[in-house]
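# Descriptive analysis of the structure
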Amino acid sequence: MDIKIVRNENPKVKPEASTLGFGKYFTDHMFIMDYTAGEGWHDARIVPFGKYEIHPASTALHYGSEIFEGLKAYRKADGSVQLFRPMENIRRMNRSAERLCLPTIPEDMALEILETFVGFEKDWTPSAEGTSLYIRPFMFGNDETLGVHAVHHATFMIILSPVGSYYAEGINPVKIMIEDTDVRAVRGGTGEAKCGGNYAASNRAGEKAAQQGYSQVLWLDGVERKYIEEVGAMNVMFKIAGEIVTPALVGSILPGITRKSCLELLRKEGYKVSERLLSIDELQAAMQNGTLEEAWGCGTAAVISPIGELAYKGKKYTVCGGKIGEITQHLYDTITGIQWGKREDTFGWTYPLK
Ligand SMILES: *Cc1c(COP(=O)(O)O)cnc(C)c1O
């Protein structure tokens, strides 16, 4: 495909690894491509990173037609750069697009764009321990009218942000508040699509949890507020009496690629793994009788985030003595080992950039 390149004549000085944080710095360029119904995708271009003009009536601003993805490029010890399961992100983005009536991007085209653009900005991939280049593809409806109808114009962009080590101060288990009022998503809604609107709906509970000293909320299902769904913007897993349990993908849960990788890894290693309904009553009983052995969240940003405390209706429960559990540590070491090329990738998950 034809990707026009306009070089940034004023490249920035790359930030120090210690100051990176998450999503604060951006590379010198961004990728943009437009869609017009009847014409398809057109005008693929790499241009200097900067402000983007948008019509005040743009669909995205009024009706929330927006989806996104998140993946990372990792620098290996030999200096080369690799992606982790990029086709999974591409396929998920297309499923999200279908749910929100946004146009899909042919898989081979999306992969070519990703490879070309991330390859173009590859020098921005930091090399310090635990750092990576966060890749944020996103798409929005961009019709310049207030009429509510299927999207005729859409815009697809990719921005890149060098990010610091998530665990710069070591892996500390987090405190989680089980939310019993607000819900994130319902079956039939947009919970299984990666769309901005889901995040807007989550903010209030997140704020409330933060005020009470918790770092994330654990979501219950939107119908009965009975079944465990996710934790913050991560999938969640528990080890209960030897069984590893994660909520089944019932329609309101985001199908995480880290979740999928954990399950594939654990199954290959012979662990007993179940994707099933897990009620708050079952979890509470396990917390009370001591059979809840470990709990962790999983997602691209943190990879694995151990849970050290859970609070529900005013009661607090310590998980795994407030420490990181054995399986949690094992998953973290194995998956990050594969991502940064320190461990052999027997799954074929990594995708080297040229
Ligand atoms: C992105 C996301 C996840 C994690 O997905 P990964 O592919 O593992 O990064 C989980 N839950 C929500 C709500 C998300 O948006």
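Residues numbered from 1 in each chain as written. Predicted model: local features only at pLDDT ≥ 70, side-chain atom pairs only at ≥ 80, totals over all residues. Heavy atoms only, no water.

## A word on the overall build of the protein
Across its full length, the protein holds 7 helices and 18 strands. Within the protein, the proportion of its 354 residues that are buried is 53%. Split by element, the accessible area of the protein, about 16,000 Å² in all, is 50% carbon and sulfur. One finds the centroid of the 39 positive side-chain charges in the protein at a distance of 4 Å from the centroid of its 45 negative side-chain charges. (Helix = DSSP H or I, 4+ residues; strand = E, 2+ residues; numbered from the N terminus. Buried < 20%, exposed > 50% of the residue type's maximum accessible area, 1.4 Å probe, protein only. Areas by Shrake-Rupley, 256 points an atom, 1.4 Å probe, with all protein chains shown as cover. Lys, Arg positive; Asp, Glu negative; His and termini not counted. Charge placed at Lys NZ, Arg CZ, Asp CG, Glu CD.)

## Quick notes on the pairing of strand S7 (residues 132–141)
Note on strand geometry: in a regular strand, side chains alternate between the two faces of the sheet. Extensive coverage of S7 is indicated by the burial of 9 of its 10 residues. Pairing between strand S4 (residues 66–68) and S7: 3 bridges, direction antiparallel. The residue of S7 that forms the bridge with Phe 68 is Phe 138. In the sheet, strand S5 (residues 71–75) pairs with S7 via 3 bridges, with the strands oriented antiparallel. Each residue of the ladder has a partner; that of Leu 71, found in S7, is Ile 135. Two elements, S7 and strand S8 (residues 153–163), share 10 bridges in a ladder whose sense is antiparallel. Residue pairing across strands places Ser 132 opposite Val 163, the latter belonging to S8. (Pairing = 2+ DSSP bridges.)

## Considerations on the domain arrangement of the protein
It is common to give the size of an interface as the accessible area lost on bringing the parts into contact. Domain boundaries assigned for the protein yield domain 1 (4–163) and domain 2 (174–339). Contacts between the two partners involve 19 residues from domain 1, matched on the other side by 20 residues from domain 2. Considering only the side of domain 1, the residues that lose the most area to domain 2 are Phe 68, Phe 84 and Arg 92, jointly responsible for 33% of the buried surface there. One can count 2 salt bridges joining domain 1 with domain 2. Among the secondary structure elements, those contributing two or more residues to the side of domain 1 that touches domain 2 are S4, S5, strand S6 (81–84) and helix H2 (86–99). Per-class residue counts for the side of domain 1 that touches domain 2 are 7 nonpolar, 4 polar and 8 charged. (Domains from an automatic or database assignment. Contact = heavy atoms within 4.5 Å. Buried area = accessible area lost by both parts, 1.4 Å probe. Salt bridge = Lys/Arg side-chain N within 4 Å of Asp/Glu carboxyl O. Nonpolar A, V, L, I, M, F, W, Y, C, P; charged D, E, K, R; others polar.)

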